[in-house]
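A look at the structure
Spelled out from the first residue to the last, the chains are:
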Protein chains: 2
Amino acid sequence: MSSLQDPEPLQKLVDALKRLPGVGVRTARRMAYHMLQHDRQGAFDLSAALDAALSNLRHCALCNSFSVLEICEICSSPKRDSTLLCVVETPADQNTIESSHGYSGLYYVLMGRLAPLEGIGPNQLQFEQLLSRALNGTVKEVILATNFTAEGETTAHYLSDLLESKGLKVTRLARGVPAGSELEYVDAGTIAWALMERR
Amino acid sequence: MSSLQDPEPLQKLVDALKRLPGVGVRTARRMAYHMLQHDRQGAFDLSAALDAALSNLRHCALCNSFSVLEICEICSSPKRDSTLLCVVETPADQNTIESSHGYSGLYYVLMGRLAPLEGIGPNQLQFEQLLSRALNGTVKEVILATNFTAEGETTAHYLSDLLESKGLKVTRLARGVPAGSELEYVDAGTIAWALMERR
């Protein structure tokens, strides 16, 4: 008696779901069963959304974020301050900064961060494109808003050296105690930074 | 200045991914970025696999598992012992039992388990179909192989009462110490069961 094989369409669906980040074979199976058994409309929608995203989304030629237009809405807005360029890792980070309503300049989205262990170096992130964007003659200050993780800090450090060597003013988001927090619950590393950068 | 909106195709993709079990908005975003940025082929494959699974997979008319045929390979095999019917929760559980090479009977796949808190009762699991399958005159013994979780046990208990009331012989997979395990590392509940069911 041979070991049971799933029907081919189910196997292929599980294999395709397994390629999503953080999804192993058990999770992929659970997702496949769920969609086929309880949410066929969801499966139709996901397939259609994938097709639409693949055919309609491109990278904005200026900020590198996802966009349906050659130049995205923010980059083409006359209301934005074109002397400021904020560098973020992902479109989600860009959303976060926009929702703070504290920034009116333009963006550059790296679509990743330096991660040598994953083989992501300056070439993979196409730093030349950022460089030519920052050196367009209008940008006066580049604000580095990569994450405050080891990889984000490394990326900020590398970019800071690169951009300053071209004579640009480079700044980094301030580190310190988060708004609304009680000191008792803030981690020691943050307190140490907040003390060092007190003003 | 209004808060930034993701481009529509990206929003729709994130919404569709969010409907997968265990996927929240952050995970959905990470999946979408990953596919669009690093694995477009994977996105194409996933879309195609979803379409193929939706159009080609059905439930086997006898065992209720996923199948491309009206009657699946196992149910139509003349080598299987048609007097034994093993009830499992999912096709994955069926695979596990098949890979033990210890069973040559037929299956019935519930595609779920009783979970009153999620609104899954006997009607949602279509127990009538199982009942008519088990009462076809050939089946002599029904082996309940639902999971040994609270919900799986509840399901086994309910099915045991239902099937025995129709005069069928009903058995349950044995509980005990897993093969190859050292007693020191086996949980107390399992030891208690193994003592009670010693032979």
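Computed from a prediction, not measured in an experiment: that's the story for all the values here.

**A closer look at helix α5 (residues 91–99) of chain B**
Here α5(B) lies mainly inside the structure; 7 of its 9 residues are buried. Within α5(B), burial applies to B:Pro91, B:Ala92, B:Asp93, B:Gln94, B:Asn95, B:Ile97 and B:Glu98. Contacts from the buried residues of α5(B) go to α2 (25–38) of chain A together with β2 (66–67), α4 (73–76), β3 (81–88) and β4 (105–109) of chain B. Two residues or fewer past α5(B), B:His101 is found with a positive phi of approximately 55 degrees.

**Quick notes on the pairing of strand β6 (residues 169–172) of chain A**
Across 4 bridges, strand β5 (residues 141–144) of chain A lies against β6(A) in parallel orientation. What sits directly across from A:Glu141, in β6(A), is A:Lys169.

**Structural notes on the confidence of the model for chain A**
Looking at chain A, pLDDT values average 91 and 98% of them are 70 or higher. Interface confidence in the predicted complex, given as ipTM, is 0.81; pTM for the same model is 0.80.

**A word on the environment of A:Ala115**
Residue and element names in this part refer to chain A. Residue position: Ala 115 is located in the loop between β4 (105–109) and α6 (127–134). Among the residues examined, Ala 115 registers a relative accessible area of 1% and is labelled buried. Remark: the alpha-carbon pair of Ala 115 and Gly 152, spanning 37 residues in sequence, is separated by 8.9 Å. Beyond its immediate sequence surroundings of up to four residues, Ala 115 is in contact with Ile 120 and Glu 151.

**What to know about empty space enclosed by the protein**
Inspection of every chain in the model, using the stated rule, returns 1 cavity of 30 Å³ or more. Approximately 30 Å³ is the volume found for the largest cavity. Lining the largest cavity, in full, are A:Ala16, A:Arg19, A:Leu20, B:Met35, B:Asp39, B:Gly42 and B:Leu46.

**Concerning the interface of chain B and chain A**
Accessible area lost upon the coming together of the parts serves often as the stated size of an interface. Taken together, the contact pairs 59 residues of chain B with 59 residues of chain A. Here chain B meets chain A over a buried area of about 5300 Å², counting both sides, of which 69% is carbon and sulfur. On inspection of chain B and its partner chain A, the count reaches 4 salt bridges. In this structure, the salt-bridge partner of B:Arg19 is A:Asp39, at a minimum N-O distance of 2.7 Å. Put simply, the parts of the chain that give the side of chain B that touches chain A at least two residues each are α1 (8–18), α2 (25–38), α3 (40–56), β2 and α5 of chain B. Examining the composition of the side of chain B that touches chain A, we find that 15 residues originate from one element, α3(B), more than from any other. For the side of chain B that touches chain A, a count of residues per class yields 31 nonpolar, 17 polar and 11 charged.

**A look at the packing of α2(A) against helix α3 (residues 40–56) of chain A**
Residue and element names in this part refer to chain A. It is at 5 Å that the axes of α2 and α3 come closest, and there the two elements cross at 115 degrees. If you check the angle between α2 and α3, you find them roughly perpendicular. Residues Met 35, Leu 36 and His 38 of α2 lie in contact with α3, whose contacting residues are Arg 40, Ala 43 and Leu 46. Looking at the contact of α2 with α3 residue by residue, the classes come out as 4 nonpolar, 1 polar and 1 charged.

**Points about the relation of the copies chain B and chain A**
Both copies of the chain are placed relative to one another by a rotation about an axis and a shift along it. When chain B is fitted onto chain A, the two copies agree to an RMSD of 0.0 Å after a turn of 180 degrees and an axial shift of 0.0 Å. Taken together, these values place the two copies in the relation of a two-fold axis. When C-alpha positions in chain B are compared against the rotation axis, the closest is assigned to B:Ser47, at 2.2 Å. Take the interface residues of chain B: 100% of them recur as interface residues in chain A, which is what a same-surface contact looks like.

**Brief notes about the pattern of salt bridges**
One pass over the structure, following the stated rule, counts 24 salt bridges over all chains. Among the salt bridges present, the one from A:Glu70 reaches A:Arg58, with a minimum N-O distance of 3.4 Å. Note that A:Glu70 is positioned in the loop between β2 (66–67) and α4 (73–76) and A:Arg58 in strand β1 (residues 58–59), a separation of 12 residues in sequence. The class of A:Glu70 is partly exposed, set by a relative accessible area of 47%. Across the salt bridge formed by B:Arg172 and B:Glu153, the nearest N and O atoms sit 3.3 Å from each other. Taken together, the residues span a long stretch of sequence, with B:Arg172 in strand β6 (residues 169–172) and B:Glu153 in helix α7 (residues 150–164) at a distance of 19 residues. By relative accessible area, which is 25% here, B:Arg172 ends up partly exposed.

**Comments concerning the sheet that holds β6(A)**
All names here are of chain A. Taken together, 4 strands build an open sheet; the order of strands is β4-β3-β5-β6 and the sheet is parallel. For this open sheet the edge positions go to β4 and β6, each flanked by a neighbour on one side alone. Each neighbouring strand pair of the sheet contributes to a mean axis angle of 25 degrees, computed without reference to strand direction. Relative to the sheet, helix α5 (residues 91–99) contacts β3 (81–88) and β4, its axis offset from that of β4 by approximately 160 degrees.

Here is what the cut-offs are and how they apply
- Residues numbered from 1 in each chain as written.
- Chains lettered and ligands numbered in written order.
- Predicted model: local features only at pLDDT ≥ 70, side-chain atom pairs only at ≥ 80, totals over all residues.
- Heavy atoms only, no water.
- Buried < 20%, exposed > 50% of the residue type's maximum accessible area, 1.4 Å probe, protein only.
- Helix = DSSP H or I, 4+ residues; strand = E, 2+ residues; numbered from the N terminus.
- Contact = heavy atoms within 4.5 Å.
- Pairing = 2+ DSSP bridges.
- pLDDT = per-residue confidence, 0-100.
- 1 Å grid on protein atoms, 1.4 Å probe; cavity = no way out; pocket = protein on both sides within 12 Å on 5 of 7 lines; lining within 4 Å.
- Points joined across faces, edges and corners; volume = space filled by probe spheres on them.
- Buried area = accessible area lost by both parts, 1.4 Å probe.
- Salt bridge = Lys/Arg side-chain N within 4 Å of Asp/Glu carboxyl O.
- Nonpolar A, V, L, I, M, F, W, Y, C, P; charged D, E, K, R; others polar.
- Axes fitted to C-alpha atoms, helices over the stretch in contact; angles between N-to-C directions.
- Parallel < 35°, antiparallel > 145°, perpendicular 65-115°, else oblique.
- Least-squares fit on C-alpha atoms with pLDDT ≥ 70 in both.

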